[in-house]
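A look at the structure
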Amino acid sequence: MAACTLVGLAASSGVPLFVRHAGPGKPPAYALIGSLNGVHVFGESHGVTLCSTRTKNSSFTWRTYHDSIRLVLIRGSEVVADSCDSRLLDLMFASLVLLLGLDNLTSGTNIERLKRDIRPSYLLLDELLSRAVNSSDNLGFSHLTGCAECVIPPDQHILQSELEKYAEGVESSCACVMMNGQVVSGTRSFWSLSHTELVLLPLLVATNTFSAARDLPIYLPDKSPNVPFRMLVVKLTGHVYAITLCGPTPTLTEIIRSASSSWAPVYQVLESITTLLPWNIAPGLLSQIDHSVIGLLLVNYDHKKCVSCVHLSEESRSPSLNTAKKSAALQAVYRSVIGPLLQPPAVPPDDFPSRLHPDHVPLESYVSTDSYKVYVMQSSPYHLLILYPPALPIQIARKVTLRTLNVFTKGKVPKL
């Protein structure tokens, strides 16, 4: 597992605001960071922006936001910084905006107060760092895809109908049902949120400890960076939560009362959702997936959704290819193929990396190593990455990938 460090600096003075670290070892000495920041400042004074740099043992990615906050992402030498790291820094800055508000974050002159105000964001920053190093506890892909992690339930229409009625009852157009930080169902207004907001809101719920309910003020980094909403979270079962974004009303007590009456008739449906863990896919779809598939990632850029599963097949119990290694393999292929080789098929985040010539857009790719094969297929608006054992012939992998894509996308109602 690679090490990854995030450093926040005051852009004008270079004063450190925070340091967060994930993975083995310790963060780089501040003397090194300070020296490199001096190079960054020197370059800016001469009209040059330092975006990334390398030392013998580390790679550094730099981004300055609103001439106020400078974030530095530092990776171990085994991982080369790329455009995905710039997007990760954007998510981390948006995490600060989510809990502090843009004006509060960028206009403050009291450095010590700003340091204290940033501390509630540590859990969210640590979650993103943990995903960046592919910790075995954080196997998600939303930070790479720019899409919300989702679960595909068997009774989606029932949940959607109940969610719409619940949202209307509490006078909120933006609501969703989540399980373990993954979206099970959402209203139309919820899915109209930006890519960044759809990535961060589920992570915020997942990284906070909620008892029965919680009333949490947040700022939407793109939609409302300076005017807060109230994020009201109500636990429906042990793993399932109802989340609404509201204004001054209703009160938390009213939300709890409404949730009890609205969701009680479908309690058994809510309980059944938990049986989808850790696969995230309805049994009817799961049974149609070929036994050679040992992991997958499906992204729908149109709907801003993705679903992943690294718990497929008996081989998932093998120490040589455990869930963390499966996730790492899919992440590595996504970073190297999507953007540099395969163009995202629909409207991705504005800064999605792409170095393709417009007249040559491939639709398929594969990566083969001694440990695994990954076949990647594009069919607008989807990307499907499937992980296979290394011995599987590539022509069989292609056929299985195409068949699996049809399982998720064919029919009157898309599954994702």
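Everything below is about the structure printed above this text.
Below, the structure is looked at part by part. In this text the structure is predicted, and so the values were computed from the model without any measurement.

**Focus: the overall build of the chain**
For the chain, the count of helices and strands is 14 helices and 16 strands. Taking 416 residues into account, the globule formula puts the C-alpha radius of gyration at 22 Å, and the chain, at 22 Å, falls close to it. Considered along the principal axes of its C-alpha atoms, the chain spans approximately 60 × 60 × 45 Å. Within the chain, contacts between residues separated by at least 24 positions form 58% of all contacts whose residues are at least 6 apart in sequence. For the chain, the computed accessible surface area is about 17,900 Å², with 54% contributed by carbon and sulfur atoms. When the 34 positive and 32 negative side-chain charges of the chain are each reduced to one mean point, those points stand 4 Å apart.

**What about the sheet that holds strand β5 (residues 69–76)?**
In space, the five strands of this open sheet follow the order β2-β1-β5-β4-β3, with antiparallel pairing throughout. Only two strands of the sheet have a single partner each, and these edge strands are β2 (16–22) and β3 (52–54). Across this sheet, the average inter-strand angle for adjacent strands is 15°, counted without regard to direction. As judged from the three bridges shared by β3 and strand β4 (residues 58–65), these two strands associate in the antiparallel manner. By the bridge assignment, Ser 52 is partnered in β4 with Thr 61. Packing of helix α1 (residues 30–45) onto the sheet brings it into contact with β1 (4–10), β2, β3, β4 and β5, and relative to β4 it is tilted by some 50°.

**Looking at the environment of Asn 322**
Assignment of secondary structure puts Asn 322 in the loop between β13 (305–309) and α13 (323–337). With relative accessibility at 28%, the residue Asn 322 sits in the partly exposed group. Separated by eleven residues in sequence, Asn 322 and His 311 have C-alpha atoms that sit 8.6 Å apart.

**Regarding the pairing of β13**
When you tally the buried positions in β13, you get five out of five residues, the bulk of the element. Burial along β13 is two-sided: the face carrying Lys 305, Val 307 and Cys 309 and the face carrying Cys 306 and Ser 308 are both buried. Pairing of strand β6 (residues 148–149) with β13, which is carried by two bridges, proceeds in the parallel orientation. Across the sheet, the residue bridging to Ala 148 is Lys 305, located in β13. Direction of pairing for strand β12 (residues 295–300) relative to β13: antiparallel, over a ladder of five bridges.

**Describing the environment of Leu 89**
Locating Leu 89 in the fold gives a position in helix α2 (residues 83–100). Judged by its relative accessible area of 0%, Leu 89 is buried.

**Digging into the pairing of β5**
For β5, the tally of buried residues reaches eight of eight residues, placing the bulk of the element in the interior. In this sheet, β5 lies alongside β1 in antiparallel orientation, the contact comprising seven bridges. Of the residues in β5, the one forming a bridge with Leu 6 is Leu 73. Relative to β5, β4 runs antiparallel, the two being bridged by eight bridges. Looking at β5, one finds that Phe 60 is bridged to Ile 74.

**A look at the side chain of Gln 331**
Structurally, Gln 331 can be placed in helix α13. For Gln 331, a relative accessible area of 5% gives the class buried. Apart from the residues lying within four places of it in its own chain, the contact partners of Gln 331 are Arg 131, Asn 134, Gly 140, Phe 141, His 143 and Leu 144.

**Concerning the sheet that holds β12**
Ordered in space as β6-β13-β12-β16-β15-β14, the six strands form an open sheet in which the pairing is mixed. Edge positions in the sheet fall to β6 and β14 (364–368), since each of these pairs with one other strand and no more. Bridging between β12 and strand β16 (residues 382–388) involves six bridges; their strand directions are antiparallel. For Val 299, the partnering residue across the bridge sits in β16 and is His 383. Those strands touched by α13 are β12, β14, β15 (373–379) and β16, and its axis lies near 135° from that of β16.

Reading the values: rules and limits
- Residues numbered from 1 in each chain as written.
- Predicted model: local features only at pLDDT ≥ 70, side-chain atom pairs only at ≥ 80, totals over all residues.
- Heavy atoms only, no water.
- Helix = DSSP H or I, 4+ residues; strand = E, 2+ residues; numbered from the N terminus.
- Rg over C-alpha atoms; globule rule 2.2 N^0.38 Å.
- Contact = heavy atoms within 4.5 Å.
- Areas by Shrake-Rupley, 256 points an atom, 1.4 Å probe, with all protein chains shown as cover.
- Lys, Arg positive; Asp, Glu negative; His and termini not counted.
- Charge placed at Lys NZ, Arg CZ, Asp CG, Glu CD.
- Pairing = 2+ DSSP bridges.
- Axes fitted to C-alpha atoms, helices over the stretch in contact; angles between N-to-C directions.
- Buried < 20%, exposed > 50% of the residue type's maximum accessible area, 1.4 Å probe, protein only.

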